[in-house]
Amino acid sequence: MSRKVRIALAQIKYFDISKRNNVEKIKKYIRLAKKAKADIICFPESCVHKTDILHFDHKLIKEIREECKKNSIWCILTEDLRMNKLLGIRKKEYNTAMLIDRNGNIKGHYKKIHLYGDTTSPGKKVYVFKTDFAKIGIVICWDIAFPELFKEMKKKGAEIVFCPAQWWYETKEHSSQHMKREITLLESLIMARAFENIFFVAICNPVQDSKYQVSYSAIASPHRILNKIVGKEGMITAEIDLNKINKLTKIYRS
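Not measured: the values here are computed from a predicted model.

What follows covers the side chain of T96. Its place among the elements puts T96 in strand β4 (residues 93–100). In this structure the side chain of T96 is engaged in a polar contact, spanning 3.0 Å, whose partner is the backbone oxygen of Y94. Those residues in contact with T96 that sit more than four places away from it in its chain are F56, L77, T78, E79, L81, M83, H109, Y110, K111 and I140.

Dropping the structure here:
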């Protein structure tokens, strides 16, 4: 039985339509992903609003959820979110990835565990979400450097792991060719995570007006990069065959 899935990544430029949020652009790429017959589209880290801390019921989030419903497509959206006060504990803010389904419902969320200069609180739990096309995991940016997260998702049955990111490089780490070398590093990380766990990995970065932003997004199988976009705004897609995961798992685990 065929288990082919089409995934889309939107490497969008931030705040060039509106100086405060990217909502119109996000909605545009949701429509483009639908036209490309994608089952899911992933956007970069911290992609909704420039300054505000949002919440699950914020009007901008609702607007994007409605666009997913109109186009019957899954979506991964990441932003700093304020959680509701529970049991007398103060409200906390987390860098959170939301999984929105074809009906515009939030089917789950993941809080970034490994922070890198973030002012938000760290998450603690790893999740694998069941969709109508695959079992998927979600990490955020710097999380990709920690293989134990991916091993745990593999144990939970993940077939695809998405990594919304906003990856920057530090000039002190490279003597020259900073961007080229950082892209090589990032590509090696997603390839390693895909190969060692035998699943697909997709990372999505933005385009920003900063020389430190690594605008590199890619979809990796356990053996190769299926599609990528570097240094410019745009959307990439790839059709993946999830049956290959089962075949390779049997071979490599024997």
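The subject of this paragraph is the sheet that holds β4. Pairing is mixed across the open sheet formed by six strands, whose spatial order is β5-β4-β3-β2-β1-β12. Sheet topology places β5 (106–111) and β12 (234–241) at the edges, where each strand pairs with a single neighbour. Within this sheet the neighbouring strands show an average axis-to-axis angle of 25 degrees, counted without direction. Relative to strand β3 (residues 74–82), strand β2 (residues 40–42) runs parallel, the two being bridged by three bridges. In the sheet register, I41 faces β3, and the bridge partner there is C75.

Time to look at the nonpolar core. Note on soluble globular proteins: their nonpolar side chains tend to be buried together. One finds I40, I76, I136, I160 and F162 to be the most contacted residues of the largest nonpolar core, which totals 55 residues. Take this core: its biggest share by element is six residues, from helix α4 (residues 178–197). Ignoring any residue separated from it by four or fewer positions in sequence, one finds I76 in contact with I40, I41, C42, F43, A97, M98, L99, I136, I138, F162 and P164. One finds F15, I26, I64 and M98 within the second-largest nonpolar core, a separate group that totals 28 residues.

Here we come to a positive patch on the surface. Residues K4, R224, K244 and K247 make up a contiguous surface patch of positive charge. With respect to the secondary-structure elements, R224 resides in the loop between β10 (216–220) and β11 (225–230).

Criteria and cut-off values
- Residues numbered from 1 in each chain as written.
- Predicted model: local features only at pLDDT ≥ 70, side-chain atom pairs only at ≥ 80, totals over all residues.
- Heavy atoms only, no water.
- Helix = DSSP H or I, 4+ residues; strand = E, 2+ residues; numbered from the N terminus.
- Polar contact = N/O pair within 3.5 Å; in protein donor to acceptor, adjacent residues only side chain to side chain.
- Contact = heavy atoms within 4.5 Å.
- Pairing = 2+ DSSP bridges.
- Axes fitted to C-alpha atoms, helices over the stretch in contact; angles between N-to-C directions.
- Core = buried A, V, L, I, M, F, W, Y, C linked by side-chain atoms within 4.5 Å.
- Buried < 20%, exposed > 50% of the residue type's maximum accessible area, 1.4 Å probe, protein only.
- Patch = residues over 30% accessible without salt bridge, like charges linked within 9 Å, V, L, I, M, F, W, Y side chains within 5 Å.
- Areas by Shrake-Rupley, 256 points an atom, 1.4 Å probe, with all protein chains shown as cover.
- Salt bridge = Lys/Arg side-chain N within 4 Å of Asp/Glu carboxyl O.
- Lys, Arg positive; Asp, Glu negative; His and termini not counted.
- Charge placed at Lys NZ, Arg CZ, Asp CG, Glu CD.

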